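Chain and residue survey
The chain contents come next:
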Amino acid sequence: MPQITIQYTTGAYWDKAMSSAIKVNLPSSAYEIAIAPSGLDKLGNYMSNLQLGKKVLLVSNSTVFEHYGERALSSLENAGFDVCRCILPDGEKYKNLDSLQKIYDTALENRVERSSTMVALGGGVIGDMTGFAAATWLRGIKFVQVPTSLLAMVDASVGGKTGVNHPQGKNLIGAFHQPQLVLIDPEVLKTLPERELRAGMAEVIKYGVIWDADLFAQMEKCENLDQMKYLMAPYSGGDQSLIDYILTRSCQAKADVVSKDEKEAGLRAILNYGHTVAHAVESLTGYSVVNHGEAVGIGMVAAGEIAAKLGMWKAQEVQRQNVLIEKAGLPTKLPAGLDIEEIIKSLQLDKKVKAGKVRFILPTRIGEVIITSEVPSDVIREVLQNM
């Protein structure tokens, strides 16, 4: 199991009793993931410490902005920032070039310059689009991630992957662009719909399978993983809440992997566990039947079954994974009506295809996976038909 280290940062706006910071060390840059209860109200102060320009473009969606937009704006303005906003519709189906154009138009209208900063306030969709807009506006400006969903907190906001969807594939248009800061306020999860909570748990389970066997084992001990009231309660290993434990372990796992492989030359591909089939399912259902986390749950089941058929994984561990996925309230079967041959065809459009072969991340035991392109089509077909 990888060693988990939490760094406490001294400074005017870092309080050891309130905040923990996980360092993401990269050759080109380094930044911190700050996990801070009530941190949203201190957003402006956190950003002041980063010596950014005064102009800020806040990007959010209508749902998140209604809950937290004014608090974020107030914090930024009280810290002396000149803030403009771009509020987009809520939903994966709006993660496209049309929405990106709206961000660019707002940036142009408000004279967002190279010294300016974009702030993403929302889930993974908003974070990905804002990051890509920042990467491409004036050939690249700085941005800050303020994730408001569990999925974004543990996965999408960390690592610098940004982009938008193409009608034929998820995230086919994108860039690597690292944030200056990821500010996670666990308290905003109190307004997160339970379906979105479950979606985030898919990524947490992923970290347990690919990297952190202790995290996986701890979740196995929990009675419930799909309701916030259980996640906010202390977990069996200590005084902190289960959600704090989950956030810390998951973000540390992501930071460890990204620090070793920023642009997915090798190791970082393991973060795509479950995503190969997931992206095909999302694309073929028009991003409207299952959300990303639900698709990842399905994709992990498929990957686990493929690994078992190839003799790489024990049946007992397949069962352990699938039980945990079900405990999180996630689907384990393909949506009705999907054509298996269309899924296999869609897999060929995945970003992970290399030399015409689909790369799968497959588990060998809880906490360890391998990357392989040697998965026969008939095995994929048989697993999908059984699902």
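Residues numbered from 1 in each chain as written. Predicted model: local features only at pLDDT ≥ 70, side-chain atom pairs only at ≥ 80, totals over all residues. Heavy atoms only, no water.

1. Some thoughts on unusual backbone geometry
Which entries qualify depends on this criterion: Counting from the N terminus, the helices are the DSSP runs of H or I reaching at least four residues and the strands are the DSSP runs of E reaching at least two. Relative accessibility thresholds used throughout: buried, under 20% of the residue-type maximum; exposed, over 50%; partly exposed, between the two (1.4 Å probe, protein chains only).
You will see that Ser38, though not glycine, has its phi angle at about 65°, which is positive. The residue Ser38 is located in the loop between strand 2 (30-35) and helix 1 (43-48) in this model. Accessibility expressed as a relative area gives 24% for Ser38, which makes it partly exposed. The backbone of Arg111 sits at a positive phi, close to 55°, despite the residue not being glycine. You can see Arg111 is positioned in the loop between helix 3 (97-109) and strand 5 (117-122). Note on Arg111: relative accessible area 69%, which makes it exposed.

2. Brief notes about the side chain of Ser149
Which entries qualify depends on this criterion: Side-chain atoms alone can form a polar contact between residues adjacent in sequence; in general such a contact is a pair of N or O atoms within 3.5 Å, and within protein one must be able to donate a hydrogen while the other accepts it. Contacts are residue-level and defined by heavy atoms, with any inter-residue pair within 4.5 Å sufficient.
Locating Ser149 in the fold gives a position in the loop between strand 6 (142-147) and helix 5 (150-156). A relative accessible area of 9% places Ser149 in the buried class. Side-chain polar atoms of Ser149 contact the backbone nitrogen of Ala152, separated by 3.1 Å. Setting aside residues no more than four positions away along its own chain, Ser149 makes contact with Gly122, Gly123, Gly124, Leu189 and Leu192.

3. Focus on the pattern of salt bridges
Note the cut-off: Note on definitions: salt bridges are taken to be side-chain nitrogens of Lys or Arg within 4 Å of carboxyl oxygens of Asp or Glu.
Tallied over the entire structure, the rule returns 13 salt bridges. In this structure, Arg249 engages Asp212 in a salt bridge whose closest nitrogen and oxygen atoms are separated by 2.9 Å. In this pair, Arg249 sits in helix 9 (residues 242-260) while Asp212 sits in the loop between helix 6 (194-210) and helix 7 (213-221), placing the two residues 37 residues apart along the sequence. Taking the relative accessible area as the measure of exposure, Asp212 reaches 0% and is therefore buried. The salt bridge involving Glu341 is made with Arg381; its shortest N-O contact spans 2.7 Å. Here Glu341, found in helix 13 (residues 340-347), pairs with Arg381, found in helix 14 (residues 377-386); they are 40 residues apart in sequence, far enough to count as distant.

4. Concerning the pairing of strand 11 (residues 368-372)
The test is simple: Here, a strand pair is defined by DSSP locating no fewer than two bridges between the strands.
Bridge analysis of strand 10 (residues 360-365) against strand 11 gives five bridges, and the strand direction is antiparallel. When the sheet's bridge partners are listed, Leu362 is paired in strand 11 with Ile370. Here strand 10 hands over to strand 11 after two residues, with Gly367 in that stretch at a positive phi of 100°.

5. Re the packing of helix 10 (residues 275-284) against helix 11 (residues 292-309)
Helix packing geometry: the angle between the two helix axes and the distance between the axes. Our working rule: Helix axes are fitted to C-alpha atoms over the stretch in contact, other axes to C-alpha atoms as well, and angles between N-to-C directions run from 0 to 180 degrees. The labels follow the angle: roughly parallel below 35 degrees, roughly antiparallel above 145, roughly perpendicular from 65 to 115, and oblique for the rest. For any helix crossing, the convention is left-handed if the near helix is rotated counterclockwise from the far helix by under a right angle, and right-handed if that rotation is clockwise. When residues are grouped by polarity, Ala, Val, Leu, Ile, Met, Phe, Trp, Tyr, Cys and Pro land in nonpolar, Asp, Glu, Lys and Arg in charged, and all others, Gly among them, in polar.
Look at helix 10 against helix 11: their axes get within 7 Å of each other, and the N-to-C directions meet at 130°. Taken together, the axes of helix 10 and helix 11 are oblique relative to one another. By crossing handedness, the relation of helix 10 to helix 11 is classed as right-handed. Along the contact surface, helix 10 presents His275, Val277, Ala278, His279 and Glu282, while helix 11 presents His292, Ala295, Val296, Gly299 and Ala302. Residues of the contact of helix 10 with helix 11, tallied by class, amount to five nonpolar, four polar and one charged.

6. Quick notes on the domain arrangement of the protein chain
For clarity, the threshold we go by: How far each domain reaches was decided by an automatic or database domain assignment. Computed with a 1.4 Å rolling probe, the buried area is the accessible surface lost when two parts are put together, summed over both parts.
The domains assigned to the protein chain are domain 1 (20-192) and domain 2 (195-386). Put simply, the middle of domain 1 and the middle of domain 2, counted by C-alpha atoms, are 25 Å apart. Across the boundary between the two partners, domain 1 contributes 36 residues, which contact 35 residues of domain 2. Of all residues in domain 1, Leu150, Val154 and Lys170 give up the largest surface area on contact with domain 2, accounting jointly for 21% of the area buried on that side. Counting the contacts that link domain 1 with domain 2 gives two salt bridges. Put simply, Asp155 and Lys254 hold a salt bridge, and the shortest N to O gap is 3.5 Å. On the surface where domain 1 and domain 2 come into contact, there are eight residue pairs in polar contact (both at pLDDT 80 or more). For the side of domain 1 that touches domain 2, the secondary structure elements donating two or more residues are strand 1 (20-25), strand 2, helix 5, strand 7 (161-166) and strand 8 (169-176). No other element matches the six residues that helix 5 contributes to the side of domain 1 that touches domain 2. When its residues are assigned to classes, the side of domain 1 that touches domain 2 shows 19 nonpolar, 10 polar and seven charged.

7. Quick notes on the UniProt feature "binding site: Zn(2+)" (unreviewed entry) in the protein chain
Put simply, the rule reads: UniProt positions are given in the numbering used here, feature names are shortened, and annotations may be inferred rather than shown by experiment.
When the UniProt feature table is mapped onto this chain numbering, "binding site: Zn(2+)" (unreviewed entry) sits at Glu203, His275 and His292. Spanning 90 residues, the annotated positions come together in the fold, the maximum distance between their C-alpha atoms being 10.0 Å. Within the element layout of this structure, Glu203 appears in helix 6. Given the relative accessible area of 0%, Glu203 is considered buried.

8. Some points on the confidence of the model for the protein chain
Applied cut-off: Per-residue confidence from the predictor is reported as pLDDT, which spans 0 to 100.
For the protein chain, per-residue confidence averages 89 on the pLDDT scale, and residues scoring 70 or more make up 92% of the total. Below a pLDDT of 50 lies the segment residues 1-18, which in the model reaches 37 contacts outside its immediate sequence neighbourhood of four places, other chains included.

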